[in-house]
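Here's the letter readout for the chains.
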Amino acid sequence: MRKVLVAVVAFALGVALTLWVVRAGPVEGQSTAPQSGYAAVPDAIGSQDLTGPYDVVRGWPKDVSTLPGNEKWTSGAGQGVFAESPNRVFMLFRGELPKMDAPRARLLPEAGPSISFPVAGLWRDATTASLPGVGGTDQDTRKWLTAWEGKDDELGIKGPPYRVLGVDAKWEHCIVIADANGNIVETWTQWDKLLRRPHSVYISPYDPEKHVWIVDDNMQVIYKFTNDGKQLLQTIGTPEMEGADATHFNRPTFMDWLPDGTFFVSDGYTGTRVAKFDKDGVFVKDWGIKGNPPNETRPNYMNNVHGVAVDPVSRQVFVNDRNNHRIQVFDENGTFIKAWRIDADPSSLHLLYIGQDRNIWTFDRSTHKLLKYDQDGHLLYAWGTLGSFPGALWGVHGMSVDQEGNLYVAEVDNGRVQKFRPRAGANPNYLMAKPVVPVWQRGT
């Protein structure tokens, strides 16, 4: 009994001494450097990690209003971005919106007591203001113009149009290419007429000819262009005709490749499947069944299939089952492997990205954060804050990383693309992984 009492007293004295040392301060000669914790830059003073492990590159890219004759217009909703290299970055926009300064905050007594506008600097939602007027799950793409004008009976709006084409928006400069300094070096305006809601843009890292692929969910097709944009080589799907077979999509969203050129398409906003094609764009198979959102748990049942990414090592296909707030994982033939739910109520993921580290990066439109998960869904890092100032995020819909590690994000709500450069001393585990090394750079 005496031994037990002595042990207890010794333990209590030890705890008391430890607390005294902590409160009294460090022992002479002991380092006062804090623990780095979860900071992107270890031991950074005063950091909030608003932009995570990155610094935003202000003024990149230059606005389309800098183009001759386009001074009164700025970019519409930022749909997609893809960095072929640090010096050639493709950007997709839903046309253009009038260029104007943000309004000053003011009270709106007619709307109710203690209400002011804008809120937190957010004043124009570019994805709502831009053409077309339909974009959500199960919306009728045929009403793309009447819905935007405000003449659609379903909206309950009668009388003259709420918006006027050419005044409140215009359909130009949907494909814009910038260099490393943000200069606009190419505009593929010759293809604007083919587009209605360009959703994502890619170059397969396994394609030595560097063809440019654009998914358009309202046109129900995927376009394949030469790298210089001079020729349209292939159209997969039937323009303006929805379906779910070898020659039809139902609002396709994203795509990704295997090393042999096989690719997968998430199909889509209204569709409930993943479609697989060979390297030549020939349909191979599909899988997916319409589920019951928002809490569908059955394997292979999907709603709003809004993202797909392929692990080039395991060849597993990760699918964003957006309206059921989960990620489903399949083998390359569509056999279900596992699923994991996003623990946010509700979550609204926009896309999936797998780079060289084989982890999963995504953006949640509900929390306005970029998220890094391992392949089993464990959260590894998150950053981001809502806003319209440089470095803030509002509706990230596309992401890309170049070979130098610079990150690019396209924002539908802010109506812009931003470039982020890795911060000096940033924890490399917090940086979005570089993409698979493209075939045209291997061996160099």
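Look up: the structure comes first, before these words.
Basis of the calculations
Residues numbered from 1 in each chain as written. Predicted model: local features only at pLDDT ≥ 70, side-chain atom pairs only at ≥ 80, totals over all residues. Heavy atoms only, no water. Pairing = 2+ DSSP bridges. Helix = DSSP H or I, 4+ residues; strand = E, 2+ residues; numbered from the N terminus. Axes fitted to C-alpha atoms, helices over the stretch in contact; angles between N-to-C directions.

*Asks:* Sorry, what's going on with the pairing of strand S27 (residues 379-383) here?
*Replies:* Looking down a regular strand, the side chains alternate between one sheet face and the other. In the sheet, strand S26 (residues 369-373) pairs with S27 via four bridges, with the strands oriented antiparallel. Bridging across to S27, leucine 370 finds its partner in tryptophan 383. What sits between S26 and S27 in their antiparallel hairpin is a turn of five residues, with glycine 377 showing a positive phi close to 95°.

*Asks:* Explain the sheet that holds strand S10 (residues 198-202) here, please?
*Replies:* Hydrogen bonds along the backbone pair up the strands of a sheet, which may run parallel or antiparallel. Strand order across the open sheet formed by four strands is S10-S11-S12-S13, with antiparallel pairing between neighbours. Every other strand in the sheet has two partners, leaving S10 and strand S13 (232-236) as the edge strands with one partner each. Neighbour-to-neighbour, the strand axes of this sheet turn through a mean angle of 20°, independent of strand direction. Both strand S12 (residues 221-225) and S13 contribute to a ladder of four bridges, which runs antiparallel. Within S13, the residue paired with lysine 224 across the bridge is glutamine 234.

*Asks:* What should I look at first to understand the sheet that holds strand S8 (residues 175-178) in this one?
*Replies:* Strand order across the open sheet formed by four strands is S3-S4-S8-S9, with antiparallel pairing between neighbours. Looking at strand neighbours, the two that pair on one side only are strand S3 (78-85) and strand S9 (184-187), the edges of this open sheet. Each neighbouring strand pair of the sheet contributes to a mean axis angle of 20°, computed without reference to strand direction. Here strand S4 (residues 88-93) runs beside S8; their pairing, made up of four bridges, is antiparallel.

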